[in-house]
Amino acid sequence: MDLILVRPHFHPHVALVQLNRPKELNALNLQLMAQLRETLKQLDADEEVRAIVITGNERAFAAGADIKEMAGKSAIDMFLIDQFATWDQIRKTRKPLIAAVSGFALGGGCELAMTCDMIIASETAVFGQPEIKLGIMPGAGGTQRLTRAIGKAKAMEMVLTGKHLPALEAERYGLVNKVVPVDLYLDEAMRLADEIAAMSPVAVRLAKESVNRAFETDLDEGLHFERKNFYLSFASEDQQEGMQAFIEKRPPHFQGK
């Protein structure tokens, strides 16, 4: 298998998905992406799972797309394969996705990390969109998400030159949430996932949708969407439990209902 799914015993509501093509630096071929799509679809439907961590290994989160798989393809071949339909399905995962990144996150690897909702990086992590060096450009969201994350000027520099962005600089630009030592990056991502998993699953999903909408629409429409989801949260049992627990000065026990 090019992908490993783990349900850690000490993280009962968190699923860990590991990209597992170490010899290829976890290059993202069609088979791996299809496995990732189906795994995330399965986890999205699992009521016990409240947050998902995606990782690679210390050397590479994912060093890009599998160039050997694409090299001989024509424009029509790529159009008919429609590999981006898989990316669109991954993007629509409703539960929070956290990328735990160490080493290379380049090309499709950088795009996959940015498709996640949050990124925890090790000190050795490097991000980049080096497609320009192959005579092509990013196609899985690199020009769009990177620009929204770090601004036009820096994104333009990275996309047009293929330059890498080291972890600490990526944190400074707002691309990643936190940078930690290599031996702690996965633990930190799991800790963050646990923290989110302790919240109301209903409220988390509504809030995730609302934050994402801020990147996809104008302010007026975003505010309308936010208010709709705010009102909707009052239809949940979790809302009643959360507010009653606050009044009674006790921890809430959310059921995701």
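Heads up: the structure comes first, above all this text.
It should be emphasised that the depicted structure is a prediction, and the values quoted were computed from it without experimental measurement.

Criteria and cut-off values
Residues numbered from 1 in each chain as written. Predicted model: local features only at pLDDT ≥ 70, side-chain atom pairs only at ≥ 80, totals over all residues. Heavy atoms only, no water. Pairing = 2+ DSSP bridges. Helix = DSSP H or I, 4+ residues; strand = E, 2+ residues; numbered from the N terminus. Axes fitted to C-alpha atoms, helices over the stretch in contact; angles between N-to-C directions. Buried < 20%, exposed > 50% of the residue type's maximum accessible area, 1.4 Å probe, protein only. Lys, Arg positive; Asp, Glu negative; His and termini not counted. Salt bridge = Lys/Arg side-chain N within 4 Å of Asp/Glu carboxyl O. Polar contact = N/O pair within 3.5 Å; in protein donor to acceptor, adjacent residues only side chain to side chain. Contact = heavy atoms within 4.5 Å. Phe/Tyr/Trp six-rings, centres within 6.5 Å; stacked < 30°, edge-to-face > 60°. Lys NZ or Arg CZ within 6 Å of the ring centre and 35° of its normal. Patch = residues over 30% accessible without salt bridge, like charges linked within 9 Å, V, L, I, M, F, W, Y side chains within 5 Å. Areas by Shrake-Rupley, 256 points an atom, 1.4 Å probe, with all protein chains shown as cover. Parallel < 35°, antiparallel > 145°, perpendicular 65-115°, else oblique. Nonpolar A, V, L, I, M, F, W, Y, C, P; charged D, E, K, R; others polar.

Our next topic: the sheet that holds strand 1 (residues 3–6). Across the sheet, which stays open at both edges, the six strands sit in the order 1-2-3-5-7-10 with mixed pairing between neighbours. Edge positions in the sheet fall to strand 1 and strand 10 (178–180), since each has one partner strand and no second. In this sheet, adjacent strand axes meet at a mean angle of 20 degrees when their direction is disregarded. In this structure, strand 3 (residues 51–55) lies alongside strand 5 (residues 97–101), joined through four bridges in parallel fashion. Bridged to T55 within strand 5 is A100.

Summarising the element assignment, D238 is placed in helix 12 (residues 237–248). Buried within the structure, D238 lacks any salt-bridge partner; R50 is the closest side chain of opposite charge, at an N-O distance of 6.6 Å. Only 2.7 Å separates the side chain of D238 from the side chain of S200, close enough to count as a polar contact. Apart from residues lying up to four places away in sequence, D238 is in contact with S200, P201, V202, F254, Q255, G256 and K257.

A separate point is the packing of aromatic side chains. A full pass over the atoms with the stated rule returns two aromatic pairs. Feature note: the residues F230, Y231 and F234 constitute an aromatic cluster, connected by ring pairs. Between the NZ or CZ atom of R213 and the centre of the ring of F225, over which it lies, the distance is 3.9 Å.

A few words now on a nonpolar patch on the surface. Judged by side-chain polarity, F230, Y231, F234 and M243 come together as a nonpolar surface patch covering roughly 460 Å² of accessible area. As for its position among the elements, F230 is in helix 11 (residues 219–233). By relative accessible area, F230 is classed as partly exposed at 47%.

Of note in this structure, L25 is not a glycine but carries a positive phi near 55 degrees. Mapping L25 onto the fold places it in the loop between strand 2 (14–19) and helix 1 (30–44). A positive phi angle, near 60 degrees, is found at N26, a position not held by glycine. Mapped onto the elements, N26 comes out in the loop between strand 2 and helix 1. Assessed through its relative accessible area of 0%, N26 is described here as buried.

What follows concerns the packing of helix 10 (residues 201–214) against helix 11. Relative to each other, helix 10 and helix 11 sit at 175 degrees, their axes nearing to 9 Å. With respect to their mutual orientation, helix 10 and helix 11 come out roughly antiparallel. Where helix 10 abuts helix 11, its residues L206, E209, S210 and R213 lie against E221, G222, F225, E226, N229, L232 and S233. In terms of residue class, the contact of helix 10 with helix 11 is built from three nonpolar, four polar and four charged.

What follows is about the side chain of T86. Within the secondary structure, T86 sits in helix 4 (residues 84–91). Its relative accessible area of 10% is what places T86 among the buried residues. Among the polar contacts made by the side chain of T86, one reaches the side chain of R37 at a distance of 2.9 Å. Not counting the four nearest positions on each side in its chain, T86 is found in contact with M33, A34 and R37.

Across the five residues that make up strand 7 (residues 118–122), a large majority, five, are buried. A two-sided burial pattern is seen for strand 7, the buried positions comprising M118, I120 and S122 on one face and I119 and A121 on the other. The pairing of strand 5 with strand 7 spans four bridges and is classified as parallel. When the sheet's bridge partners are listed, A100 is paired in strand 7 with I120.

Below, the discussion takes up the sheet that holds strand 9 (residues 164–166). Read from one edge of the open sheet, four strands run 4-6-8-9, paired in mixed fashion. Only two strands of the sheet have a single partner each, and these edge strands are strand 4 (60–62) and strand 9. Going across the sheet, the axis of each strand differs from the next one's by a mean of 20 degrees, ignoring polarity. Pairing analysis gives three bridges linking strand 8 (residues 126–128) to strand 9, with the strands arranged antiparallel. Its bridge partner lying in strand 9, F127 is registered against L165. In the packing of helix 5 (residues 108–115) onto the sheet, contacts are made with strand 4, strand 6 (104–106) and strand 8, and the angle to strand 6 comes to roughly 90 degrees.

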